[in-house]
Amino acid sequence: MYELIEDLKRKMKPADRVNLEAAFPCLQPDTKQKTRCQDCLPCSFYNMMGQLCQKNTDALAKCTKLSLDALKQRLRVVNSKDRSNTRCLAAQSPLFRAAIQLEIPNVVIRPSLDDIQSALNRAVNTVLSMAKDIPLWTFAHLQHQQLQVENVLRDTGDDDTMTKQVVLKPLARQLSEHKDISKLVVQLGSIVSALKTDAKDHLKGFSCFSSLWSQDPEERVKEFLESSPTLSEFSAQIASYSCLEAQIAEMPATSTVGSVQLDVEPVKLSLSQECRHWKRAFGAALNGKASADMEEVYGFIDGLGKRLSRPVEHLEDVRGAMAALKEVREAEVRIDMTVGHVEEAFALLNRHELLFRDGNAERVDSLAYVWRKLNSQVGAVRRGGVEGHVPTG
C-alpha cells in the first residue's frame, strides 16, 4: 500500500505533496466538529489507506469465516431424505473416529464426545489464532492517534477524557468479535456434544448383552448344578453362548453417529471374550461331571477285571467269580448309558472348542474299548464253565 502511495506522490507536483507524510494531517480541519474535512488531498490519501486496510481486514475475516463454515459443513448431519444424493453421502463421511468399548458395567465411547468436542474447540481456536502473529496495519495506529486527538479536542476541559479513548484492538481480537465468526464459533462449540442423545440411543443397542457382565458365571453355574442338569441342558446352555458369540461376530465393524465413525471391533472382542468365559464356566462344570462319571466307570471296570482274572481253583473262587458276573449283569445298562453320556459330553466340549488340560479328553477315547474288553472277559469266564459249577457246601 505504501508503495502505491509513493508511486502516486512521485507523479504529483511538489506543491501538491503538502501534508502527505506521517499522519497525513488535514489541511482544512473542521473546527466545530473537531474532525477532518474529508475534502483535501491528505484526507483523500488518509481515507484511501483506511479503505485498503479495511478491505485487508475484511479479507482476513472472510477467510476465517469460510474456514469455520467449511468445518461446520463437514460436520453437518445430512437428513435421511437427502441421502439418495451421492454428493450428500460423500459430504456425510465422518470426520472423527472413536471406538466403542466395554468398561464394565458400561459400554462407552472412547474418546468420549466431550473429548472430541474439546479437540474441535482447539481446532477452532487455532483457526482464530492465525491472525495472532499478524501485526496491525500501520494505518490502524494512525487512525487510533487521529481518534485520540479528536476526542481530546472535543473533551477539552473534561477530567474524564481517558474513559472516552478508543481502544486499539489486535487483528485476532477483531476477528473473534466479528458477528458472523462469533456465531460460527458458538455453533461449532456444541456441534459434537449435541450428538450425545443419538450416541446414548446407539449404545442402548448393546444392552441385550448386559447379562454377560451383570451376573457372576461361577454363581450362575453353581445354581445350575444344584438342579442336577442333564446333558441336553448343559448343551442348551453352552449352545446359547455360542449363538450369542456368532451374533456378535455378525455385527458391523463400524457404525456412525453424526460426524463420528465408531469402531465396533473393540466391544465385539470384549463381548466375545465374555461369551467364551461363560461357555468355559459351563464347560468346566460339564468336564468335571463327565470326568467323575468316567473315573467311576474306570474304577468299576478295573475292580471287576481284577476279580474276574483270578484263577478258579476252589469253591470260594467260584462264588467270587459268580458274584462279579452278577455285578456286571446288574450294572450293564447303567454302565452303557454312563459311557454313552461321557462320550457325548466330551464330544460336546470338543465341538465348542472347550478343551481342558487334564487328560480326560484323551482317556474317554479308550473308555468304550475298556468296557467292551471287560464284557469279553465276562464272556470268557462264562464259557469257562464257572456258572455251571454248583456250590455244594
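Just so we're clear, the structure is a prediction, and the values are computed from it rather than from any experiment. (Residues numbered from 1 in each chain as written. Predicted model: local features only at pLDDT ≥ 70, side-chain atom pairs only at ≥ 80, totals over all residues. Heavy atoms only, no water.)

Draft legend 1. Spotlight on the overall build of the chain. Helix and strand counts for the chain come out as 15 helices and four strands. Taking all 393 residues of the chain together, the buried fraction comes to 35%. Partitioning the intrachain contacts of the chain with sequence separation of at least 6 by distance along the chain shows that 73% fall at a separation of at least 24. Entry remark: accessible area of the chain is about 23,600 Å², with carbon and sulfur atoms responsible for 52%. (Helix = DSSP H or I, 4+ residues; strand = E, 2+ residues; numbered from the N terminus. Buried < 20%, exposed > 50% of the residue type's maximum accessible area, 1.4 Å probe, protein only. Contact = heavy atoms within 4.5 Å. Areas by Shrake-Rupley, 256 points an atom, 1.4 Å probe, with all protein chains shown as cover.)

Draft legend 2. Summary view of the side chain of Ser-255. Assignment of secondary structure puts Ser-255 in strand β3 (residues 254-257). For Ser-255, the side chain forms a polar contact with the side chain of His-202, separated by 2.9 Å. (Polar contact = N/O pair within 3.5 Å; in protein donor to acceptor, adjacent residues only side chain to side chain.)

Draft legend 3. Quick look at the pairing of strand β1 (residues 96-103). Note: β1 against strand β4 (residues 260-263), four bridges, orientation parallel. The partner of Phe-96 across the bridge, within β4, is Val-260. Bridge analysis of β1 against strand β2 (residues 106-110) gives five bridges, and the strand direction is antiparallel. Considered in β2, the bridge of Gln-101 is made with Val-108. Joining the antiparallel neighbours β1 and β2 is a turn of two residues. (Pairing = 2+ DSSP bridges.)

Draft legend 4. Structural context of the pairing of β3. Because side chains alternate across β3, one face comprises the buried residues Ser-255 and Val-257, and the other comprises Thr-254 and Thr-256, none of which is buried. The sheet contact formed by β3 and β4 spans four bridges and is antiparallel. Paired with Val-257 across the bridge in β4 is Val-260. Linking two consecutive strands that pair antiparallel, namely β3 and β4, is a turn of two residues; a positive phi of about 60 degrees is found at Gly-258 within it.

Draft legend 5. Geometry of helix α11 (residues 231-249). Spanning 19 residues, α11 covers 27 Å between terminal C-alpha atoms, matching the ideal 27 Å at 1.5 Å per step. The complete set of buried residues in α11 reads Phe-234, Gln-237, Ile-238, Tyr-241, Ser-242, Leu-244, Glu-245 and Ile-248. Along the axis of α11, the buried residues cluster in a sector spanning 155 degrees; they form a single face. Relative to its buried face, α11 has exposed residues pointing more than 90 degrees away, namely Ser-232 and Cys-243. (Expected span 1.5 Å × (residues − 1). Arc of directions from axis to C-beta.)

Draft legend 6. Representation of the pattern of salt bridges within the structure. In the structure shown here, the tally under the stated rule is 10 salt bridges. For Glu-295, the salt bridge identified is with Arg-363, shortest N-O distance 2.1 Å. With Glu-295 in helix α12 (residues 265-308) and Arg-363 in helix α14 (residues 360-363), this residue pair connects regions lying 68 residues apart in the sequence. Taking relative accessible area as the criterion, Glu-295 reaches 39% and is therefore assigned partly exposed. In this structure, the salt-bridge partner of Lys-306 is Asp-302, at a minimum N-O distance of 3.5 Å. Residue Lys-306 and its partner Asp-302 are located together in helix α12, separated by four residues, close to a single helical turn. A single salt-bridge network, built from bridges that share partners, covers Glu-245, Arg-276 and Lys-279. (Salt bridge = Lys/Arg side-chain N within 4 Å of Asp/Glu carboxyl O.)

Draft legend 7. How the structure looks around the side chain of Thr-338. Residue position: Thr-338 is located in helix α13 (residues 315-351). In contact with Thr-338, not counting residues within four places along its chain, are Asp-293 and Val-297.

Draft legend 8. Summary view of the sheet that holds β2. Spatial ordering of the open sheet is given by β2-β1-β4-β3, a layout of four strands whose pairing is mixed. Two strands in the sheet have a free side with no partner beyond their single neighbour: β2 and β3. The mean angle between the axes of side-by-side strands here comes to 30 degrees, regardless of whether they run parallel or antiparallel. (Axes fitted to C-alpha atoms, helices over the stretch in contact; angles between N-to-C directions.)

Draft legend 9. Representation of the environment of Val-267. Among the secondary structure elements, Val-267 is positioned in helix α12. Relative accessible area serves as the criterion here: at 0%, Val-267 is assigned to the buried category. Note: C-alpha distance between Val-267 and Ile-100 (167 residues apart in sequence) is 5.7 Å. Excluding anything up to four places from it in sequence, Val-267 contacts Ile-100, Gln-101, Leu-102, Val-107 and Phe-206.

Draft legend 10. Seen up close, the packing of aromatic side chains. This model, assessed by the stated rule, comprises five aromatic pairs. Residues Phe-224 and Phe-234 carry aromatic rings whose centres are separated by 5.1 Å and whose planes lie at 85 degrees to one another, so their mutual orientation is edge-to-face. Pair noted here: Phe-224 is in helix α10 (residues 217-226) and Phe-234 is in helix α11, with a separation of 10 residues, a long-range link. The same class applies to Phe-224 and to Phe-234, which are both buried. Relative to Trp-278, the ring of Tyr-241 has its centre 5.4 Å away and its plane inclined at 15 degrees; by these criteria the two rings are stacked. In this pair, Tyr-241 is assigned in helix α11 and Trp-278 in helix α12, connecting sequence segments 37 residues apart. Like Tyr-241, the residue Trp-278 is buried in the burial classification. These aromatic residues form a ring-pair network of at least three members: Phe-224, Phe-234, Tyr-241, Trp-278 and Phe-282. Geometry around Phe-300 places Arg-334 over its ring, the cationic atom sitting 5.9 Å from the centre. (Phe/Tyr/Trp six-rings, centres within 6.5 Å; stacked < 30°, edge-to-face > 60°. Lys NZ or Arg CZ within 6 Å of the ring centre and 35° of its normal.)

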